[in-house]
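If you want the building blocks of each chain, they are given just below.
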Amino acid sequence: MKLITAVIRPHRWENVREALELLGISGMTLTEVSGYGRQKGHTEVYRGAEYDVLLVPKVRIEIVAEEPDVDGIIQAIQSSAATGKIGDGKIWVSPVESVQRVRTGETGPAAI
Amino acid sequence: MTTPQLAAVAAIDPTATAAGDTAWLLASAALVLLMAPGLAIFYGGMVRSKSVLNMMMMVLGALAVVTVVWVVVGYSIAFGDDVTLGLFGDPTQYFGLKGLVEADPEARIPGILFAMFQGLFAVITVALIAGAIADRTRFGTWLVFCAVWTVLVYAPVAHWIFDFDAEGHVGGWMANKLGALDFAGGTAVEINSGAAGLAAALVLGKRLGFGRDPMKPHNLTLVMIGAGLLWFGWFGFNAGSALGASHLAAMAFVNTLVAGCTGLLAWLLVERVRDGHATSFGAASGAVSGLVAITPSCGVVTPIGAMAIGVAAGAICALAVGLKYKLGYDDSLDVVGVHLVGGLVGTILIGLLASSDVAAVDGLLYGGGLDQLGKQLVAAGATLVFSFTMTALIVWVLEKTMGFRVAEDDESAGVDLVLHAETAYDLHAATGGSRPHFGGN
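So, here is what we can say about the structure in this document. A quick note: this is a predicted structure, and the numbers were derived from the prediction, not measured. (Residues numbered from 1 in each chain as written. Chains lettered and ligands numbered in written order. Predicted model: local features only at pLDDT ≥ 70, side-chain atom pairs only at ≥ 80, totals over all residues. Heavy atoms only, no water.)

### What about the overall build of chain A?
Convention followed: Helix and strand assignments follow DSSP, with helices taken as H or I runs no shorter than four residues and strands as E runs no shorter than two, numbered in order from the N terminus. As defined in this context, the radius of gyration uses C-alpha atoms, and a globule is described by 2.2 Å times the residue total to the power 0.38. Partly exposed residues are those whose accessible area sits between 20% and 50% of the maximum for their type, while under 20% is buried and over 50% is exposed, using a 1.4 Å probe and protein chains only. In what follows, a contact means two residues having at least one pair of non-hydrogen atoms within 4.5 Å. All accessible-area figures derive from a Shrake-Rupley calculation using a 1.4 Å probe, and residue coverage is judged against the displayed protein chains alone. A residue counts as positive if it is Lys or Arg and as negative if it is Asp or Glu; His and the chain ends are not included. To locate a charge, take NZ of a lysine, CZ of an arginine, CG of an aspartate or CD of a glutamate.
A count of helices and strands for chain A gives 2 helices and 6 strands. The order of α-helices and β-strands along chain A, N terminus first, is β-α-β-β-β-β-α-β. At 17 Å, chain A has a C-alpha radius of gyration far larger than the 13 Å of a compact globule built from 112 residues. Residues counted as buried form 30% of the 112 residues belonging to chain A. Of the contacts formed within chain A by residues at least 6 apart in sequence, a portion of 71% connects residues at least 24 apart. Of the roughly 6,900 Å² of accessible surface on chain A, 50% is carried by carbon and sulfur atoms. If you average the places of the 13 positive and of the 15 negative side-chain charges in chain A, the two averages end up 6 Å apart.

So this is what it looks like as structure tokens:
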């Protein structure tokens, strides 16, 4: 089992959700985050005082999936989140040792 | 010298004291001004958090621009001597409010006070249009639009319906030749802004992701506060339109309260039956719908008539706000569903519910026949067609010349940040990530 984490532009989220739903992805966790990479922040001005706001708002999606599904999910996120401009985000995959459904106590793939 | 309108008012209620009338109109004008920040808060709560400041800026920007334009030339076009066929007034007669600056000992109300009271009506009308094109317009172009629209659309329509004939003065065609009734602005304010909102939304197009992305109101408590401020200000709008501290003002005051209440209840009833829940957003919208519809009629119907108008507006507007999804136009904050539809309801129902106990005529249901109803339909229709056509033209020309709509990337990022370099809410100290510069750094 793998954990797929994607950080994307907030306004692409509906696009990504639709693409994942077509794959039959039945659940995920979403967090509003902020960060920066090659895309730097912006300048805000309050009564003439300038503020450099380095961090850019992003959305982080986390999906636990079985190994054969991982490539399809990555493809779906990549194509639905991309705008072609700096700041589109990243997707990474990490191993997951165990998963357990809280309600039933099921473990492994049955809990996904 | 007295303005002709005020001479006409003086004839309505010769027993009222000038001091009382003037005091009430001063207070009313301040109440109408409060509707601008009230509207900013009402609309601000309805948009997404990335564009709340821009929405408030559109409303306050309209306040500033329209007031200036009104003083320079707007009032004169609306209330100067008619130039041709009752269509618009002489723009030079009161240019810069000249002729109103020196005190007139014979005036019941200072002419300059009447001019500014009317100017604040223009402010609200223009500001209302902002709701139809939320989240997607350039601020500078919006300010230009406010000025152009005041001169080419608002002032003429105000002349048609608000400028009464008097000795030595010829006013607008709707009020005098046609004889339509509009106490406080069902045509000039509500239908006018609603039709303009529809035209502007159609010409500028939908927001990115309209119908797909969630665009729910980001702060309903702001919406509730804004609705309350609007309602409070509306007493100045409607009862102030009696232009005196009179029984008629009290009548308009009562009707304004009553119609807001029945509008609120009717909208909630529709929601409860259709969607299963009575919502806070529905309560705020229903009250405003009732207030919109009673605006033209508050000085011509009985309190029972006002209740009926509020019910009709609350129910019909609750159904009308869904049209934009069916028909595919993005009237973002329902200027069409509430102000155009509510304005039509209130203006047309005068033809049925006007009572000679309050006004000079009886409507159809009070035995007055179809005559007044026909006049109301003509006034409503003419305002709608003129406003829609002119606005579509103005918005189209501004989009082609200055650019009215923001770039797609800017719209996605949010207009607060892109246009104003501000964000409305800084709720997390760490992620705000701010580093202040001081002096010339």
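Now that the structure has been shown, we can carry on.
### Comments concerning the overall build of chain B
Secondary structure summary: chain B contains 17 helices and 0 strands in total. What you see for chain B is a C-alpha radius of gyration of 21 Å, in line with the 22 Å of a compact globule of 441 residues. Oriented by its inertia axes, the alpha-carbon framework of chain B measures out at about 65 × 55 × 35 Å. Counting the 441 residues in chain B, one finds 57% classified as buried. A sequence separation of at least 24 residues applies to 77% of the contacts in chain B between residues at least 6 apart. On chain B, the mean spot of the 19 positive side-chain charges and the mean spot of the 31 negative ones are 13 Å from each other.

### With respect to a nonpolar patch on the surface
Residues and elements named next belong to chain B. Note the cut-off: Like-charged residues within 9 Å of one another, or nonpolar side chains (Val, Leu, Ile, Met, Phe, Trp, Tyr) within 5 Å, are grouped into patches, provided each residue has over 30% relative accessible area and no salt bridge. Salt bridges are identified by distance alone: a Lys or Arg side-chain nitrogen within 4 Å of an Asp or Glu carboxyl oxygen.
On the surface, L202, V203, L393, W396 and V397 cluster together into a nonpolar patch covering about 460 Å² of accessible area. Listed by contribution, the elements that provide at least two residues to the nonpolar patch are α7 (186-204) and α14 (371-401). It is α14 that provides the largest number of residues to the nonpolar patch, a total of 3 residues. Along the chain, L393 turns up in helix α14.

### What to know about the nonpolar core
As a reminder, the rule being used: Side-chain atoms within 4.5 Å are what join buried Ala, Val, Leu, Ile, Met, Phe, Trp, Tyr and Cys residues into a set we call a nonpolar core.
With 121 residues, the main nonpolar core has F42(B), Y43(B), W142(B) and Y154(B) as its most contacted residues. Top element by residues in this core is helix α3 (residues 52-79) of chain B. It accounts for 15 residues. Membership of the second largest hydrophobic core comes to 16 residues, among which are I4(A), I25(A), A65(A) and A76(A).

### Here's the deal with the state of the cysteines
To keep things clear, this is the line we draw: Note on terminology: disulfide denotes any pair of cysteine sulfur atoms within 2.5 Å.
Counted according to the given criterion, the structure contains 0 disulfides over all chains. The cysteine C317(B) is free of any disulfide, with C261(B) supplying the nearest cysteine sulfur at 16 Å.

### So, the side chain of R12(A)
All names here are of chain A. Selection rule: In protein, a polar contact means a hydrogen-donor-capable atom and an acceptor-capable atom, both N or O and within 3.5 Å, with residues adjacent in sequence counting only if both atoms are side-chain atoms; elsewhere, any N or O pair within 3.5 Å suffices.
One can find R12 in the loop between β1 (2-8) and α1 (13-22). Buried within the structure, R12 lacks any salt-bridge partner; its nearest side chain of opposite charge belongs to D88, at an N-O separation of 6.5 Å. Within the structure, R12 has its side chain in polar contact with the backbone oxygen of A82 (distance 3.4 Å). Residue contacts for R12: discarding those within four places in its chain leaves S80, A81, A82 and T83.

### Side note on the pattern of salt bridges
Side-chain pairs of opposite charge can arise whenever the charged atoms involved come near each other. Going through the model one piece at a time under the given rule, you end up with 14 salt bridges over all chains. E21(A) serves as the salt-bridge partner of R17(A), at 3.0 Å between the closest nitrogen and oxygen. Separated by 4 residues within a single helix, R17(A) and E21(A) lie in helix α1, roughly one turn from each other. Note that D330(B) and R207(B) form a salt bridge whose closest N and O atoms lie 2.8 Å from each other.

### With respect to unusual backbone geometry
For L85(B), which is not glycine, the phi torsion reads 55 degrees and is therefore positive. Checked against the element boundaries, L85(B) lands in the loop between α3 and α4 (111-129).

### Quick notes on the packing of helix α10 (residues 280-297) of chain B against helix α11 (residues 303-320) of chain B
Residues and elements named next belong to chain B. What counts is decided by this rule: Interaxial angles span 0 to 180 degrees and are taken between N-to-C directions of axes, which are lines fitted to C-alpha atoms, for helices over the stretch in contact. Put simply, angles under 35 degrees are roughly parallel, angles over 145 are roughly antiparallel, angles from 65 to 115 are roughly perpendicular, and the rest are oblique. Throughout, a crossing is termed right-handed when the near helix is turned clockwise from the far one, and left-handed when it is turned anticlockwise from it by less than a right angle. Each residue is assigned to one class: nonpolar for Ala, Val, Leu, Ile, Met, Phe, Trp, Tyr, Cys and Pro, charged for Asp, Glu, Lys and Arg, and polar for all the others, Gly among them.
Their axes nearest at 8 Å, the elements α10 and α11 cross at an angle of 135 degrees. Taken together, the axis directions place α10 and α11 in an arrangement best described as oblique. For the pair α10 and α11, the sense of crossing is right-handed. Contacts between α10 and α11 involve S289, G290, A293, I294 and S297 from the former and A306, I309, G310, A313, G314 and C317 from the latter. Of the residues that constitute the contact of α10 with α11, the class distribution is 6 nonpolar, 5 polar and no charged.

### What about the environment of I316(B)?
All names here are of chain B. Within the secondary structure, I316 sits in helix α11. A sequence separation of 26 residues divides I316 from G342, and the C-alpha atoms of the two residues are 7.8 Å apart. What I316 contacts, discounting residues up to four positions off in sequence, is V341 and V345.

### Topic: helix α5 (residues 139-162) of chain B
In an α-helix there are 3.6 residues to a turn, and that puts residues three or four apart on one side. Rule in force here: Here the bend at each residue means the angle between axes fitted to two seven-residue stretches, the one ending at that residue and the one beginning there.
At T150(B), α5(B) shows its strongest bend, of approximately 45 degrees. Burial analysis of α5(B) places 17 of its 24 residues in the buried class, which makes it a mostly covered element.

### A short note on the sheet that holds strand β2 (residues 29-35) of chain A
All names here are of chain A. Quick reminder of the rule: When DSSP finds at least two bridges between two strands, those strands are taken to pair.
One open sheet accounts for 4 strands, arranged β2-β5-β1-β6; its pairing is antiparallel. The outermost strands of the open sheet, each flanked by one partner alone, are β2 and β6 (89-95). Across the sheet, the axes of successive neighbouring strands diverge by a mean angle of 20 degrees, strand direction being ignored. With 7 bridges joining them, β1 and β6 adopt antiparallel strand pairing. When the sheet's bridge partners are listed, A6 is paired in β6 with I91. Of the strands in this sheet, β1, β2 and β5 (56-65) are in contact with α1, which crosses β5 at around 15 degrees. Strands β1, β5 and β6 of the sheet are contacted by helix α2 (residues 70-81), whose axis makes an angle of about 5 degrees with β1.

### Brief notes about the environment of V385(B)
Residue position: V385(B) is located in helix α14. The class for V385(B) is exposed, based on a relative accessible area of 54%.

### Brief notes about the pairing of β5(A)
Residue and element names in this part refer to chain A. Note that β1 and β5 share 7 bridges and pair antiparallel. The partner of T5 across the bridge, within β5, is E62. Relative to β5, β2 runs antiparallel, the two sharing 7 bridges. Pairing of T31 across the sheet is with R60, part of β5.

Taken by themselves, the reported measurements are silent on function.
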